[in-house]
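Spelled out from the first residue to the last, the chains are:
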Amino acid sequence: MVEALDDPARVAVMTEALKSLLNDDTGAKDGQVAVRAAVVAVHSGARRWSVGLARSGSSALKPPTAHRGLVYSLTKTILAAAVLRLAARGVVDLDAPVGRWLPELSARPTPVTLAQILTHRAGLPDYGGRDDYHWAVAAALEPWGDDEFLARCGVEGPPAGEFAYSNIGYMLLKRLLERAGGLPLADLLRAEVFHPLGLASATLPQEKGDLASLLFGPSSQFPDRPVAERYHPGWVAHGVAAMTAADAARFVHGLSMPGYLPAELLARMREGLPVNAPMTGRPWVEPGYGLGLMVERDPLVGPYWGHSGGGPGISAAAYHFPLEQPLSVAVLTVGEDVALAEWMAVEAVHRLR
């Protein structure tokens, strides 16, 4: 299994399988720019392996494995980990009404709990489908601040209790973390997540200039200019982390190992409630969502858990597989195809079983 990382022949077979996925366009959407390259990292305790891959026939070079990229919504799992660290110390209560920390929700008729926000079941709206949001991003405008996101989107969404993915909910978690933790978000994540788990490459970019050295592919939103020249990380309302693929794998691995979180909180984090939403073209069979974690509930292909994310110029997926020898895989695809990143992560583990 994991000993395969010490076997050049097995690694070569896995690498060829990942190259085949990178070159396969059967799942590509109309108008989607083909992914040209990817970085894959595998982590299993002392055994670690990373490789950069380039699409056959492409002018793209194999990206160095040390390059960092935005991990977009994998940041939600990072925020959730920080929340649970505060919960472990009794600073916040997952099941109490959250109005003490988030008076923005005090006018809602039904109290909201922290656990509901973490699981996307608090009845909060999202901005992902808003035309004004996508127009402003593509026009390279300065990002809305938290208050403008709330003014435009409000805090009323689908009925509480139903799964409804909400970036606004996680933006509110960012506010809660800063208020309860007493630190700016970047400092708090460094103290609660990046440093304890040894994520030496991880940062929280906050200005456009912070993106200059990051890994990006082409973007349909910015067809004529490099992403780093046009995009602002503030358009991810809850904040967006940047790291290497190796550190993304190290994150989900360390998060899942004893010691970082109390056992009862870790178990609760990965208790995925059914999503009951179609995920066509992606590897999920019975998708669930726990406390900031995507969870595969089907016992024949899972369990595994982690998160994926995508935005201008790059997509990410990082999953932990609790095998006899636990294994974590992260993929950064240099381009906009979250499904491909997910399939490559799952395929890498399939080849190591």
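Reading the values: the criteria
- Residues numbered from 1 in each chain as written.
- Predicted model: local features only at pLDDT ≥ 70, side-chain atom pairs only at ≥ 80, totals over all residues.
- Heavy atoms only, no water.
- Helix = DSSP H or I, 4+ residues; strand = E, 2+ residues; numbered from the N terminus.
- Rg over C-alpha atoms; globule rule 2.2 N^0.38 Å.
- Buried < 20%, exposed > 50% of the residue type's maximum accessible area, 1.4 Å probe, protein only.
- Contact = heavy atoms within 4.5 Å.
- Salt bridge = Lys/Arg side-chain N within 4 Å of Asp/Glu carboxyl O.
- Polar contact = N/O pair within 3.5 Å; in protein donor to acceptor, adjacent residues only side chain to side chain.
- Phe/Tyr/Trp six-rings, centres within 6.5 Å; stacked < 30°, edge-to-face > 60°.
- 1 Å grid on protein atoms, 1.4 Å probe; cavity = no way out; pocket = protein on both sides within 12 Å on 5 of 7 lines; lining within 4 Å.
- Points joined across faces, edges and corners; volume = space filled by probe spheres on them.
- Nonpolar A, V, L, I, M, F, W, Y, C, P; charged D, E, K, R; others polar.
- Core = buried A, V, L, I, M, F, W, Y, C linked by side-chain atoms within 4.5 Å.

Colleague: How would you explain the overall build of the protein chain if you had to name every residue and give the values?
Modeller: A tally of regular secondary structure across the protein chain gives 11 helices and 10 strands. The C-alpha atoms of the protein chain give 19 Å as radius of gyration, which agrees with the globular expectation for 353 residues (20 Å, within 12%). Here the C-alpha coordinates of the protein chain stretch approximately 60 × 50 × 35 Å along the principal axes. Per-residue burial for the protein chain yields a buried fraction of 56% across its 353 residues. Restricting the contact set of the protein chain to residue pairs at least 6 apart, pairs at least 24 apart contribute 66%.

Colleague: Explain the pattern of salt bridges to me, using residue names and the numbers behind them.
Modeller: Going through the model one piece at a time under the given rule, you end up with 18 salt bridges. We note a salt bridge from Glu16 to Lys19, for which the minimum N-O separation is 3.5 Å. Taken together, the residues Glu16 and Lys19, both in helix H1 (residues 8-23) and 3 residues apart, mark about one turn of the helix. Judged by its relative accessible area of 45%, Glu16 falls in the partly exposed class. Note that Arg190 and Asp187 form a salt bridge whose closest N and O atoms lie 2.8 Å from each other. You can see Arg190 and its partner Asp187 sitting in helix H7 (residues 185-194), 3 residues apart, about one turn around the helix.

Colleague: I'd love a proper account of unusual backbone geometry, names of residues and values included.
Modeller: In this chain, Gly302 is followed by Pro303 through a cis amide linkage whose omega measures 0°. Structurally, Pro303 can be placed in the loop between strand S7 (294-296) and strand S8 (304-311). For Tyr72, which is not glycine, the phi torsion reads 45° and is therefore positive. One can find Tyr72 in the loop between strand S3 (69-70) and helix H2 (74-88). We classify Tyr72 as buried; its relative accessible area is 3%.

Colleague: So what about the side chain of Ser308? Which residues, and what values?
Modeller: Position of Ser308 among the secondary structure elements: in strand S8. Classification of Ser308 as buried rests on a relative accessible area of 5%. Separated by 2.8 Å, the side chains of Ser308 and Glu342 make a polar contact. In this view, Ser308 contacts Ser73, Leu74, Arg282, Met294, Ala316, Ala317, Tyr319, Val338 and Glu342; residues no more than four positions away in its chain are not counted.

Colleague: Would you mind going over the packing of aromatic side chains in detail, with residue names and values included?
Modeller: Across all of its chains, the model carries 15 aromatic pairs by this definition. Both rings, one in Tyr133 and one in Phe149, keep their centres 6.3 Å apart while their planes meet at 50°; by these two values the pair is tilted. On the criterion of sequence distance, the pair formed by Tyr133 in helix H4 (residues 131-138) and Phe149 in helix H5 (residues 146-153) is long-range, its members being 16 residues apart. Of the two residues, Tyr133 and Phe149, neither departs from the other in class, the shared state being buried. Of the aromatic side chains, those joined through ring pairs into one cluster are Tyr127, Tyr133, Trp144, Phe149 and Trp235.

Colleague: Residue-level account of empty space enclosed by the protein, with values.
Modeller: The final tally for this structure, using the stated rule, is 2 cavities of 30 Å³ or more. Within this model, the largest cavity holds a volume of roughly 40 Å³. What lines the largest cavity is simply Gln116, Ile117, His120, Arg121, Ala122, Gly123, Leu124, Ala164, Ser166 and Gly169. Looking at side-chain class alone, the lining of the largest cavity contains 4 nonpolar, 5 polar and 1 charged residues. Approximately 30 Å³ is the volume found for the second largest cavity. Contributions of two or more residues to the lining of the second largest cavity are made by helix H9 (245-256), strand S9 (314-321) and strand S10 (327-334). Here the residues of the lining of the second largest cavity are counted per class, giving 10 nonpolar, no polar and no charged.

Colleague: Can you explain the layout of surface pockets? Please cite residues and give values.
Modeller: Put simply, the second largest pocket is a space of about 290 Å³. Elements that contribute at least two residues to the lining of the second largest pocket include exactly H5, helix H6 (167-181) and H7.

Colleague: Tell me about the nonpolar core, and name the residues and values.
Modeller: For soluble globular proteins, the rule of thumb is that nonpolar side chains tend to be buried together. Grouped together as the largest cluster of nonpolar side chains are 123 residues, with contacts concentrated most on Leu70, Leu94, Leu189, Val193, Tyr231 and Phe251. In terms of residue count, the dominant contributor to this core is H2 (10 residues). When residues no more than four places from it in sequence are discounted, the contact partners of Leu70 are Pro205, Leu211, Leu214, Phe216, Tyr231, Val240, Ala241, Ala242 and Ile314.

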